[in-house]
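Spelled out from the first residue to the last, the chains are:
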Amino acid sequence: MVVGIAIMFDMMDDLVNFSSFRFHWADYVVCIALVLLSTGTGFYIAKFYKIKLLYKLQFYRGKERVSDVEQIDYGSTKMNEYLLGSRTLSVLPVAMSLVGSYVSGVTILGTVSEIYYYGTQYSLIAVAIIAMAFPVAYIYVPVFYVLGVHSSYEYLGMRFNNAVRTLCSVFFILDEIFFLPMVVHVPSITFQQVTGVHALIVSTIMCALCVAYTLVGGIKAVVYTDAWQVFVMFWTVITVVIIGIVYGGGFGPIGEAASEGGRLIFANVNPSLLERQTLWAVLIGGFSYWTSFNSVNQTMVQRYLSLSSLKKARLSILVFTASIVFFIIFLCIGGLLVYQAYAHCDPLSAKLIEQDDQIFPIYVIQTVGNLPGMPGLFVAGVFGAALSSLSTVLNSTALVIMEDIVKNVIKIELSPKTANRLVKGSVLILGLVGLALSFLFQHLEGILSVATSLTGLASSAQFGMFTLGMLFPWTNSIGALTGGIIGYLMGGWIVFGIQIASYMDLLVRDKLPLSVSECPFNATLMEPQEQTDINPVFLMSYHWTNPIGVGTTLLVGAIVSLATKPTKLEEINMDYLAPFTHRFFRKFMAKPQDNTEPVT
């Protein structure tokens, strides 16, 4: 305890000189080396990685062993190889790429900030994530494997019609366009904070590197680069947290500080939808959001389908879930460490930082800033997380644009050369869009809630439409289309209303008590503000945005389907339904088509 208090006082003294802190030369070397190594991995895979022993490549489909050498396009210039890796990737790299697809700088900085300002109730998101793994692995992913789709949205065209498929594809593209600037923005402000290099320059360099290796390497470059970047990211955060625990005097003093500051909250059972973090909001909202994103979103499905069997896909989901839970637990501990350090001198109130999400970088600088190379390692981890998420979005969105928009909507048959140019042109344009929009996020507070709300908006309508198709056999295309539109509009009204109200400073955040009583210089807390009279919907916790969108889509879709000639059970292909429903509807269903593959 004495050690923890002494170090906290040292950190308070260091706050005086914090504004003048800049990277040591060793930090530049470590950060630049790791970033170049990450991107270099992508270029290596793109240019020098060769698939060996093609004649030995075989898939097992049911009882029949089928050689696929002639059915697979090899070489990064072929779209099957570029976008799906010819379905020959390994479980561990794919699982790490799944982690990289979800975890970005938003997750690292946002989770720590959330725990610091709102307490540990959010840490129960780990329970929601564990619960998410079962429906993803046993309800949704098996359907994609049986049907052998390239884009997850192909399923909607089979189950309903092209209009439903197109709508969901547009939702996905909008979702990724909203997500891109957040991914670019977070590492840029972090690097600017410790180096003084303008965020515009940092964002431009990061986008250029990521777009370059995604352009030349496709999904293999993305997956294997993601695996390396996730390793750096985990190593960085775990190292910082372990050092922080030592600096803080162990778990006892850390827990004591959190308890005294009212941060240890695990059973807030307040039923109000307006409170930011409650047990119900985290468990229900977290489960809905994580399941929506990981079950049908193309960025995740594309990785499941890059594996040769459903068994391997399920194993990758298991590894992904365990890794995410492990990582988030460390981030939550990091939030408590940060609170212990600044329990009596909040950096935001003291105007040492400009945004909530900069609180973890300032902590890292003060705890390990005296160790040359460690701040550079941390920034490299944030960069790696951003690069992995960015490359995933670019590659997956390019596939959807080609498969679901150009081929399906515009009805253009593309030659391999034209398809190559289209996909790579899409990657380039999306990178430029993400860079241009990233500066809009400088004025938004609480990047984790913003990211969850915006991505939850599109994923809720998408997830609702897929669920209508896989679990409700009577639903029809009119119901799915109507449900998706109404669900998206409902979620959009809430999400954009909240963001606009936040931008106009009409929302009062319900942060837990902060203090500046022991700051080594004059600092004052902001005067408590009263909430202005606005629609209560815009005060709702960000956790509820996704469940409301999903529920609206399901309810409207099911009712409209019943009112507009529901699909007859005997007319539907059983392969379009989740496997566990077959036992209930088998006697009503049509037999599976001969050209589909049984689940392996």
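Residues numbered from 1 in each chain as written. Predicted model: local features only at pLDDT ≥ 70, side-chain atom pairs only at ≥ 80, totals over all residues. Heavy atoms only, no water.

- Per an unreviewed UniProt entry, the chain goes by LOW QUALITY PROTEIN: sodium-coupled monocarboxylate transporter 1-like and derives from Glossina fuscipes.
- Under the heading Subcellular location (unreviewed entry), UniProt records this for the chain: "Cell membrane".
- Taken directly from UniProt, the Sequence similarities (unreviewed entry) text for the chain runs: "Belongs to the sodium:solute symporter (SSF) (TC 2.A.21) family." (UniProt positions renumbered as here; feature names shortened; annotations may be inferred.)

Quick look at the pattern of salt bridges
Thought 1: One pass over the full model with this rule turns up three salt bridges.
Thought 2: Measuring nitrogen to oxygen at the nearest pair gives 2.6 Å for the salt bridge that ties Asp404 to Arg165. Note that Asp404 is positioned in helix α15 (residues 374–406) and Arg165 in helix α8 (residues 162–195), a separation of 239 residues in sequence.
Thought 3: Given the relative accessible area of 0%, Asp404 is considered buried.
Thought 4: With its nearest N and O atoms 3.2 Å apart, the salt bridge here joins Lys511 to Asp356. Of this pair, Lys511 sits in the loop between α18 (477–503) and α19 (545–563) while Asp356 sits in the loop between α13 (310–342) and α14 (359–368), placing them 155 residues apart in sequence.
Thought 5: Note on Asp356: relative accessible area 5%, which makes it buried. (Salt bridge = Lys/Arg side-chain N within 4 Å of Asp/Glu carboxyl O. Helix = DSSP H or I, 4+ residues; strand = E, 2+ residues; numbered from the N terminus. Buried < 20%, exposed > 50% of the residue type's maximum accessible area, 1.4 Å probe, protein only.)

So, the environment of Val338
Thought 1: Here Val338 is to be found in helix α13.
Thought 2: With a relative accessible area of 0%, Val338 lands in the buried category.
Thought 3: Expressed as a C-alpha distance, the spacing of Val338 and Tyr363, which sit 25 residues apart in the sequence, is 6.3 Å.
Thought 4: Residues in contact with Val338, not counting those within four places in the same chain, are Val112, Tyr116, Ile359, Phe360 and Tyr363. (Contact = heavy atoms within 4.5 Å.)

Some words on the state of the cysteines
Thought 1: Counted according to the given criterion, the structure contains one disulfide.
Thought 2: Each sulfur in the disulfide pair Cys345 and Cys519 lies 1.9 Å from the other. With the S-S bond torsion at 105 degrees, the cross-link from Cys345 to Cys519 turns out right-handed. Placement of Cys345 in the loop between α13 and α14 and of Cys519 in the loop between α18 and α19 is noted, with a sequence separation of 174 residues between them. The residues Cys345 and Cys519 share a single accessibility class, namely buried. (Disulfide = S-S within 2.5 Å.)

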